[in-house]
Amino acid sequence: MDTYVGIDISRATLDVAVYGDDKLRQYKNNPGDIETLCSLMNKIKPALIVFEATGGYEMPLYIALDQAGLPAAPVNPRQVRDFARATGVLAKTDALDAMIIARFASAIRPNPRPIPESHEIKEIVARRNQLVNMIVAEKNRLHNTRGKIKERIQAHIEWLEEE
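Residues numbered from 1 in each chain as written. Predicted model: local features only at pLDDT ≥ 70, side-chain atom pairs only at ≥ 80, totals over all residues. Heavy atoms only, no water.

Residues of strand E5 (residues 72-75) alternate between two faces, with Ala72 and Pro74 on one and Ala73 and Val75 on the opposite face, all of them buried. For strand E4 (residues 48-52) and E5, the ladder comprises four bridges, and the chain directions are parallel. Within the sheet, the bridge partner assigned to Ile49 lies in E5 and is Ala72. Crossover handedness for the path E4 to helix H2 (residues 59-67) to E5: right-handed. (Buried < 20%, exposed > 50% of the residue type's maximum accessible area, 1.4 Å probe, protein only. Helix = DSSP H or I, 4+ residues; strand = E, 2+ residues; numbered from the N terminus. Pairing = 2+ DSSP bridges. Right-handed = clockwise from strand over helix to strand, strands pointing away.)

Here it is as structure tokens:
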């Protein structure tokens, strides 16, 4: 039997549901957790991983799934909303959304699409991941500093966040 996965994506989290499994997994939407999620997907070998195109928040995950050779299909959120409505699901939570997306994947089976070959997008996402890692490192340093050094680290964090 094929396995279908639905992922609800937000700026902060990735809610992951496997169709037919009541267990919901949640990951942070950051490079480390995305890598962990891809490792899990490689173990369960899904026939299809579906997620909504969310205006950019999906790109780091989409690129990672593509690089891992996993079958990914971004879909229009309206399609999933209409599917949910047609199946009588009117409530909206991240967990429910992930489960509906997994159910949508199983029922509709949209074609997996490799990410369009765009080196610029990949470079931008890679740079964003680097900046996020630098911000985390600098925030960790803040806890053990005082005075002028603390001010400089805070200024650097602000610069990195704007970048």
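Moving on, we come to the pattern of salt bridges. Per the stated rule, a full pass over the model turns up four salt bridges. For Glu138, the salt bridge goes to Arg141, with nearest N and O atoms at 2.4 Å. Taken together, the residues span about one helical turn, with Glu138 and Arg141 both in helix H5 (residues 119-142) at a distance of three residues. The class of Glu138 is buried, set by a relative accessible area of 9%. Taking the relative accessible area as the measure of exposure, Arg141 reaches 44% and is therefore partly exposed. (Salt bridge = Lys/Arg side-chain N within 4 Å of Asp/Glu carboxyl O.)

Another aspect to go through is the packing of aromatic side chains. For the coordinates displayed, the defined rule picks out two aromatic pairs. Pairing Phe51 with Tyr62 gives two aromatic rings, centres 5.4 Å apart and planes at 65°, and the pair type is edge-to-face. Residue Phe51 is found in strand E4, and its partner Tyr62 is found in helix H2; the two are separated by 11 residues along the sequence. Residue classification places Tyr62 among the buried positions, given a relative accessible area of 6%. When the centroid spacing of 5.4 Å and the interplanar angle of 85° are considered together, the rings of Phe83 and Phe104 count as edge-to-face. Placement of Phe83 in helix H3 (residues 77-86) and of Phe104 in helix H4 (residues 94-108) is noted, with a sequence separation of 21 residues between them. Per residue, the accessibility class of Phe83 equals that of Phe104, and both read buried. (Phe/Tyr/Trp six-rings, centres within 6.5 Å; stacked < 30°, edge-to-face > 60°.)

Take H3 next. All of the buried residues in H3 are Val80, Phe83 and Ala84. In an axial view of H3, the angular spread of the buried residues amounts to 100°, which keeps them on one side of the axis. Exposed positions of H3 whose direction lies more than 90 degrees from the buried face are Arg78 and Ala86. Contacts from the buried residues of H3 go to E4, E5 and H4. The N-cap of H3, judged by a side-chain oxygen 2.8 Å from the amide nitrogen of Arg78 a few residues on, is Asn76. (Arc of directions from axis to C-beta. Contact = heavy atoms within 4.5 Å. Polar contact = N/O pair within 3.5 Å; in protein donor to acceptor, adjacent residues only side chain to side chain.)

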